[in-house]
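# Notes for the structure review
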Amino acid sequence: MEEKVFNKYLVSLTKIVSIYCFFFVLLKSLAIIRGAWMVPNIILAVPFVLLGIATAYVVFFKKYNWLLAILGALLIVVVRYYEVDLVFYLQENYSSN
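As a starting point, this report considers the structure included with it. Because the structure is a prediction, the values reported are computed rather than measured.

About the criteria used
- Residues numbered from 1 in each chain as written.
- Predicted model: local features only at pLDDT ≥ 70, side-chain atom pairs only at ≥ 80, totals over all residues.
- Heavy atoms only, no water.
- Salt bridge = Lys/Arg side-chain N within 4 Å of Asp/Glu carboxyl O.
- Helix = DSSP H or I, 4+ residues; strand = E, 2+ residues; numbered from the N terminus.
- Buried < 20%, exposed > 50% of the residue type's maximum accessible area, 1.4 Å probe, protein only.
- Core = buried A, V, L, I, M, F, W, Y, C linked by side-chain atoms within 4.5 Å.
- Contact = heavy atoms within 4.5 Å.
- Phe/Tyr/Trp six-rings, centres within 6.5 Å; stacked < 30°, edge-to-face > 60°.

## Details of the pattern of salt bridges
Oppositely charged side chains can form a pair if their charged atoms are brought close together. Within the structure shown, the criterion is met by two salt bridges. Measuring nitrogen to oxygen at the nearest pair gives 2.5 Å for the salt bridge that ties Glu83 to Arg80. Here the residue Glu83 and the residue Arg80 both occupy positions in helix 3 (residues 66-94), the gap between them amounting to three residues, near one helical turn. Residue classification places Glu83 among the buried residues on the basis of a relative accessible area of 12%.

## Notes on the nonpolar core
Membership of the largest hydrophobic core is limited to 10 residues, which are Val17, Cys21, Phe24, Leu44, Phe48, Leu51, Ile76, Val79, Val87 and Leu90. Those elements that place two or more of their residues in this core are helix 1 (2-33), helix 2 (38-61) and helix 3. Aside from chain neighbours lying at most four places away, what touches Cys21 is Phe48, Leu51 and Gly52.

## Quick look at the packing of aromatic side chains
The final tally for this structure, using the stated rule, is eight aromatic pairs. In this structure an aromatic cluster arises from ring pairing among Tyr20, Phe24 and Phe48.

As structure tokens, then:
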């Protein structure tokens with residue numbers, strides 16, 4: 001019984017990561033459309049596209065994995081914390097302007 005409850009947390013965390021990836025990519029796309037810097041926003045969106053595809057695959061085929069869920073949550077936390085600094089760094093170093 002306890003394992004079943006523990007797996008509910010895994011399923012919930014994986015679904016949250018998957019949904020967050022979708023919205024993050026959507027927000028970055030809208031930011032680019034509204035005139036934000038293209039290069040850093042695309043670079044920041046690419047890992048979330050890949051993570052979103054991976055977590056959607058996991059949810060669709062019900063092959064849940066703690067490693068993917070935890071690494072996805074950590075990626076979300078780190079990128080959200082350093083997002084502004086990352087955008088400026090990527091714009092300075094990788095943009096052609």
